[in-house]
Amino acid sequence: MNILIVHAHPEPLSLNGALKDFAVRHLKAAGHAVQVSDLYAMQWKAALDAGDSLDGAADERYDAARDSRRAYDGGRQSADIVLEQEKLRWADTVILQFPLWWFSMPAILKGWVDRVYANGFAYGVG
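Structure report, in brief. As the structure is a computational prediction, the values presented were derived from the model and not from experiment.

Section: the packing of aromatic side chains
- Taken as a whole and assessed by the stated rule, the structure comprises two aromatic pairs.
- A centroid spacing of 5.8 Å and a plane angle of 70° characterise the contact between tryptophan 112 and tyrosine 117, whose relative ring orientation is edge-to-face.

Structural notes on the environment of alanine 118
- By the secondary structure assignment, alanine 118 is in the segment after helix H4 (107-116).
- For alanine 118, a relative accessible area of 1% translates into the label buried.
- Excluding anything up to four places from it in sequence, alanine 118 contacts Ser68, Gln77, Gln85 and Tyr123.

Quick word on a nonpolar patch on the surface
- Among the surface-exposed residues, Trp101, Trp102 and Phe103 lie close enough to one another that they form a single nonpolar patch of about 520 Å² accessible area.
- Mapping tryptophan 102 onto the fold places it in the loop between strand S3 (93-97) and H4.
- Taking relative accessible area as the criterion, tryptophan 102 reaches 79% and is therefore assigned exposed.

Description of the side chain of serine 68
- Among the secondary structure elements, serine 68 is positioned in helix H2 (residues 64-73).
- Judged by relative accessible area, serine 68 falls into the buried class, the value being 15%.
- With sequence-adjacent residues up to four places away left out, serine 68 is seen in contact with Asp63, Ala118 and Asn119.

A closer look at the packing of helix H3 (residues 79-90) against H4
- At their nearest, the axes of H3 and H4 sit 10 Å apart, and the two run at 85° to each other. Here H3 is positioned roughly perpendicular relative to H4, judged by the angle of their axes. Along the contact surface, H3 presents Asp80, Ile81, Glu84, Gln85 and Leu88, while H4 presents Trp112, Arg115 and Val116.
- Class assignment of the residues belonging to the contact of H3 with H4 gives a composition of four nonpolar, one polar and three charged.

Some words on the pairing of strand S2 (residues 33-38)
- In this structure, strand S1 (residues 2-7) lies alongside S2, joined through six bridges in parallel fashion. Its bridge partner lying in S2, isoleucine 3 is registered against valine 34.
- Where the polypeptide runs from S1 across helix H1 (residues 15-29) and back to S2, its parallel neighbour, the crossover connection is right-handed.

Reading the values: rules and limits
Residues numbered from 1 in each chain as written. Predicted model: local features only at pLDDT ≥ 70, side-chain atom pairs only at ≥ 80, totals over all residues. Heavy atoms only, no water. Phe/Tyr/Trp six-rings, centres within 6.5 Å; stacked < 30°, edge-to-face > 60°. Helix = DSSP H or I, 4+ residues; strand = E, 2+ residues; numbered from the N terminus. Buried < 20%, exposed > 50% of the residue type's maximum accessible area, 1.4 Å probe, protein only. Contact = heavy atoms within 4.5 Å. Patch = residues over 30% accessible without salt bridge, like charges linked within 9 Å, V, L, I, M, F, W, Y side chains within 5 Å. Areas by Shrake-Rupley, 256 points an atom, 1.4 Å probe, with all protein chains shown as cover. Salt bridge = Lys/Arg side-chain N within 4 Å of Asp/Glu carboxyl O. Axes fitted to C-alpha atoms, helices over the stretch in contact; angles between N-to-C directions. Parallel < 35°, antiparallel > 145°, perpendicular 65-115°, else oblique. Nonpolar A, V, L, I, M, F, W, Y, C, P; charged D, E, K, R; others polar. Pairing = 2+ DSSP bridges. Right-handed = clockwise from strand over helix to strand, strands pointing away.

Now the structure itself:
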């Protein structure tokens, strides 16, 4: 099985870092292929904005859903988004590994979801 682990903790020596390392070791030992997107190590840009399209905003006013769709359909998304979407296409299973901060996921992981699950890729397809 192909497994993608999306890891969102700034400290590699934290409990979350240890849990990620444990999962990678044991999944590989069980014969699975594993890729890790370590968002802090990647210096992932969390903010969804016009820079996610190589062409910028379509109009004077940025519209996240419309501009995301235009960039996806035109093959004009930023390279970091395309790489993460390729990992998702490859994966049979996705593990989101993160601490609960203020009753939710860290902003960097929320930004990963916002940017990678683009209009045309993850929604607006039906």
